[in-house]
Amino acid sequence: MSRLRWLISSALGLGLSVWAALPAEAARLLNWRFDRSQNRLEFTTDGAVQPRAQLLANPTRIVIDLPGTTLGQPMVTETLGNGLQNLRVGQFDPNTTRLVLELDPGVVVNPRDIKVQGLSPSQWVVELPSLGPSSPTPLVPGLPGNVSNGVAGSIPGGIPSGGTYVEGWRETPDGLFIRTRGPEPKVEVRRSRDKRTIEIDLLNSGLNPALLNQNFSFPNLAIESLQFRPVAGNPALNRLVLTVPATAPNWRASFSNLGGLILLPSSRPTPLTGPGRSPIPLQQSQPVTPTPTRAIIQGVGLDLTGTQLLIQSDRPYNFTAKPEGQEYRVILSPAELGSNLQGPQLDPNSLLQRVRLRQDDPQTVSIFLAPAPGVQIDVPRALNAQVVSLTLRGSRSIPVPQPNNPNPNPNPNPNPNPNPNPNPNPPYTPPYNPDRPIGLPPSQGRPVVVLDPGHGGRDPGAVGRGGLQEKQVVFPITQEVAALLTQQGVQVVLTRYDDREVDLAPRVQTAERSNATVFVSIHANAISLDRPEVNGVETYHSGSPEGRRLAQSIHQSLLENLPTRDRQVREARFYVIRNTSMPASLVEIGFVTGAEDAPRLADPAYRSRVAQAIAQGILRYLQ
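Given the structure is predicted, the values throughout are model-derived calculations rather than measurements. (Residues numbered from 1 in each chain as written. Predicted model: local features only at pLDDT ≥ 70, side-chain atom pairs only at ≥ 80, totals over all residues. Heavy atoms only, no water.)

Looking now at the sheet that holds strand β37 (residues 566-571). Pairing is mixed across the open sheet formed by 6 strands, whose spatial order is β34-β33-β35-β38-β36-β37. Where the open sheet ends on each side, the last strands, each with one partner, are β34 (491-494) and β37. Strand-to-strand twist of the sheet, defined as the mean angle between neighbouring strand axes without regard to direction, takes the value 20°. Where strand β35 (residues 518-525) lies against strand β38 (residues 584-591), 6 bridges are found, and the strand directions are parallel. Looking at the pairing, Ile522 lines up with Val587 of β38. Contacts from helix α7 (residues 604-622) reach β33 (448-453), β35 and β38, with the element oriented near 155° to β35. (Pairing = 2+ DSSP bridges. Helix = DSSP H or I, 4+ residues; strand = E, 2+ residues; numbered from the N terminus. Axes fitted to C-alpha atoms, helices over the stretch in contact; angles between N-to-C directions. Contact = heavy atoms within 4.5 Å.)

Structure follows, in structure tokens:
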């Protein structure tokens, strides 16, 4: 017996359900409100809790996590104002309730100015400083030039009214993710007659200047060249041009809730081979007009939010950037370091661990950036002729002291038998970060699996023999799959935790917000009751190579562990697997209308075998 099978069998022997992921006596979020007069968030739980708080960037938001706490209702969104867009309260995972305060674009706040105070172990306030648009501030005191924060109005060339700004790209396991800001533009995809060129037009859009005049290569995706080009005569139309072998698959484009364009091949491409082809792209600026005088680098520092590194000079210069080992190297030329120039002063909470400045030769300056764990550095972009910006994407922690009052009971009439949370400091769940590469979470390397039990609430799904309802079958199976995966160290998130109706879009949003490694939707099939001979399992993917591999792993495990008929792995355009950006699969575990399947699916013991098989298939894929 393989180690993987032993792990699964051991987990089954424990008889766990998804609720085993919760603390034995989980606290519950009772109420919350945002006091506009005092600019503070107040919330109360029915047991002791030790919040975790941090400031995330792009968009700027304050995230308050309550470990060991449940909400017991769908996510709530409240519009605020005065520098704050909204307050969102939801169940981030089975162990954590999350409160998110999202700031208006252009509003900056220092995490040191955010005060979290526990009036008691169950009563907390989050006090915010006065919020307003950021003021243009010189990068280094005494310099005459001002630096913007890189909001839409400061981007060279601007963005068309109501348009979309294309910021950069990221290679994913399945394809490419083109990060954008603003509304979703209309997208048109076409391929040349010789099959060598694929053009993707983005209407009503603007480009990051650092993407222009570049040739990005992705050998693993069989992309010889990717170029970002403005279309002559139409300033609001920009084009992505992919040069591929004539035998390469077609590519399709769709938008993600993450805020970006997902580009996926229709089948697994054959990687490019040959000399000079490197999977590491190089980002660089538009060449500047040659000048006999070198640019003087006058300042290198962080903006007020600590999320942008700004490089200020007295004139334009060329810049390139690329990863080198554990650092990110920015190369400037023709340039020289100013007299006594030093890098920024970094505190332990900075998104950068180290910044080194080096004069390579009389014409070249290198800036080496060492990001903190889990932090990504964007491609550089020119904010104006004298300032280059690199956005840092990650989180900055906000100090949360222990509460003042040792009494955890919020009731003014103390309960003689208080029931505080017995584990106020469980392992911390990492925050949602929409801009890190899809894959394992940066914290602890734990994969995140989002399980989606189909239908629910007023929607019973398929109804089969003897009135057997699909939702009654798939929900306990999903719970058990969650418990098995949790026992193996996998972080599990469900799209619903009880018998309620959830639309398709929120299911996808749950996967995206959770930064899932994989997404698996669990359903039961049906056909006319006059066709009892139709039985068996089907497993679907949306066409991506990794989605297909995930579906095949689950399907094979079902066939190995169940006395069921093989109805094959298939490609389909189901909403929940078509609109998720991570590898996704939808599994049909049998027919509630089938003479063979229906009595099996009604049997709890058989459903446990189904859960075991699905969990085993997911773990095989993850390993």
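Still more to cover.
Here we come to the confidence of the model for the protein. Chain-level pLDDT for the protein is 77 on average; 77% of the residues reach the 70-or-more range. The low-confidence segment residues 1-24, where pLDDT is below 50, has 47 contacts with residues more than four positions distant or belonging to other chains. Every residue in residues 274-291 is under pLDDT 50, and counting partners more than four places away or in other chains gives 44 contacts. (pLDDT = per-residue confidence, 0-100.)

Following the sequence through the fold, Ser397 ends up in strand β32 (residues 395-398). We classify Ser397 as partly exposed; its relative accessible area is 40%. Distance in space between the C-alpha atoms of Ser397 and Leu55 is 6.3 Å, their sequence separation being 342 residues. (Buried < 20%, exposed > 50% of the residue type's maximum accessible area, 1.4 Å probe, protein only.)

Formed by 51 residues in total, the largest nonpolar core has its most connected members in Leu451, Val481, Leu485, Ile589, Ile614 and Ile618. With 9 residues, the top contributor of residues to this core is α7. Those residues in contact with Ile614 that lie beyond four places of it in its chain are Ile477, Val481, Ile522, Ile554, Leu558, Val587 and Ile589. (Core = buried A, V, L, I, M, F, W, Y, C linked by side-chain atoms within 4.5 Å.)

Turning to the sheet that holds strand β8 (residues 96-103), a few remarks are in order. With antiparallel pairing, the 6 strands of this open sheet are ordered in space as β6-β7-β8-β4-β3-β32. Strands with a single pairing partner mark the edges of an open sheet, and in this sheet they are β6 (76-81) and β32. Between one strand axis and the next, the sheet turns by 20° as a mean value, whatever way the strands run.

Before going further, it helps to examine the packing of aromatic side chains. Applying the stated criterion across every chain, the model contains 2 aromatic pairs. Aromatic pair Tyr540 and Phe574: ring centres 5.0 Å apart, planes at 80°, arrangement edge-to-face. Residue Tyr540 is found in strand β36 (residues 537-541), and its partner Phe574 is found in the loop between β37 and α5 (575-578); the two are separated by 34 residues along the sequence. Using a relative accessible area of 10% as the deciding quantity, one classes Tyr540 as buried. We note Arg98 situated over the ring of Phe92; from NZ or CZ to the ring centre the distance is 3.9 Å. (Phe/Tyr/Trp six-rings, centres within 6.5 Å; stacked < 30°, edge-to-face > 60°. Lys NZ or Arg CZ within 6 Å of the ring centre and 35° of its normal.)

Right, let's talk about unusual backbone geometry for a bit. Note: most residues except glycine have negative phi, and most peptide bonds are trans. For the bond running from Ser333 to Pro334, omega is -15°, close enough to zero to count as cis. Examined against the element boundaries, Pro334 turns out to sit in the loop between β25 (327-333) and β26 (335-337). Backbone geometry at His455 places phi at a positive 60°, although glycine is not the residue there. Along the chain, His455 falls in the loop between β33 and α2 (470-487).

On to the pattern of salt bridges. For the coordinates displayed, the defined rule picks out 32 salt bridges. In this structure, Glu324 and Lys322 form a salt bridge, with 3.9 Å as the shortest nitrogen-oxygen distance. Given a relative accessible area of 29%, Glu324 falls into the partly exposed group. Residue Arg549 is joined to Glu546 by a salt bridge in which the shortest nitrogen-to-oxygen separation is 3.1 Å. Of this pair, Arg549 and Glu546 both sit in helix α4 (residues 545-561), 3 residues apart, roughly one helical turn. (Salt bridge = Lys/Arg side-chain N within 4 Å of Asp/Glu carboxyl O.)

So, on to the side chain of Asn39. With respect to the helices and strands, Asn39 occurs in the loop between β1 (27-35) and β2 (40-45). Judged by relative accessible area, Asn39 falls into the buried class, the value being 15%.

In the contact formed by α2 and α7, the axes pass within 8 Å of each other and the chain directions differ by 45°. Our classification of the angle between α2 and α7 gives oblique. Pair α2 / α7 crosses with right-handed handedness. Between α2 and α7, the residues in contact are Val473, Pro476, Ile477, Glu480, Val481, Leu484 and Leu485 and Arg607, Ser608, Val610, Ala611, Gln612, Ile614, Ala615, Ile618 and Leu619, respectively. Residue composition of the contact of α2 with α7, grouped by class: 12 nonpolar, 2 polar and 2 charged. (Parallel < 35°, antiparallel > 145°, perpendicular 65-115°, else oblique. Left-handed = near helix turned anticlockwise from the far one by under 90°. Nonpolar A, V, L, I, M, F, W, Y, C, P; charged D, E, K, R; others polar.)

The next subject is the packing of α4 against α7. The interhelical angle for the contact between α4 and α7, taken along N-to-C directions, is 140°, at an axis separation of 8 Å. The angle between the axes of α4 and α7 places the two elements in the oblique class. The interaxial crossing formed by α4 with α7 has right-handed handedness. Taking contact as the criterion, the partners of Glu546, Arg549, Leu550, Ser553, Ile554, Gln556, Ser557, Leu558, Glu560 and Asn561 in α4 are, on α7, Arg609, Val610, Gln612, Ala613, Ile614, Gln616, Gly617, Ile618, Arg620 and Tyr621. Its residues assigned to classes, the contact of α4 with α7 shows 8 nonpolar, 7 polar and 5 charged.

With 8 bridges connecting them, strand β27 (residues 352-361) and strand β28 (residues 364-371) associate as antiparallel partners. Paired with Val355 across the strands is Leu369, a residue of β28. Counted along the chain from β27 to the antiparallel partner β28, the turn is 2 residues long.

Along the chain, Lys471 turns up in helix α2. Judged by relative accessible area, which is 12%, Lys471 ranks as buried. Beyond its immediate stretch of four places on either side in the chain, Lys471 contacts Gly454, His455, Gly456, Gly457, Asp459, Pro460, Pro476, Arg496 and Asp499.

So, on to the environment of Pro403. Here Pro403 is to be found in the loop between β32 and β33. Sequence separation between Pro403 and Ser122 is 281 residues, and the spatial gap between their C-alpha atoms is 8.4 Å. In this structure Pro403 touches Gln50, Gly118, Ser120, Pro121 and Trp124, once residues within four positions along its chain are discounted.

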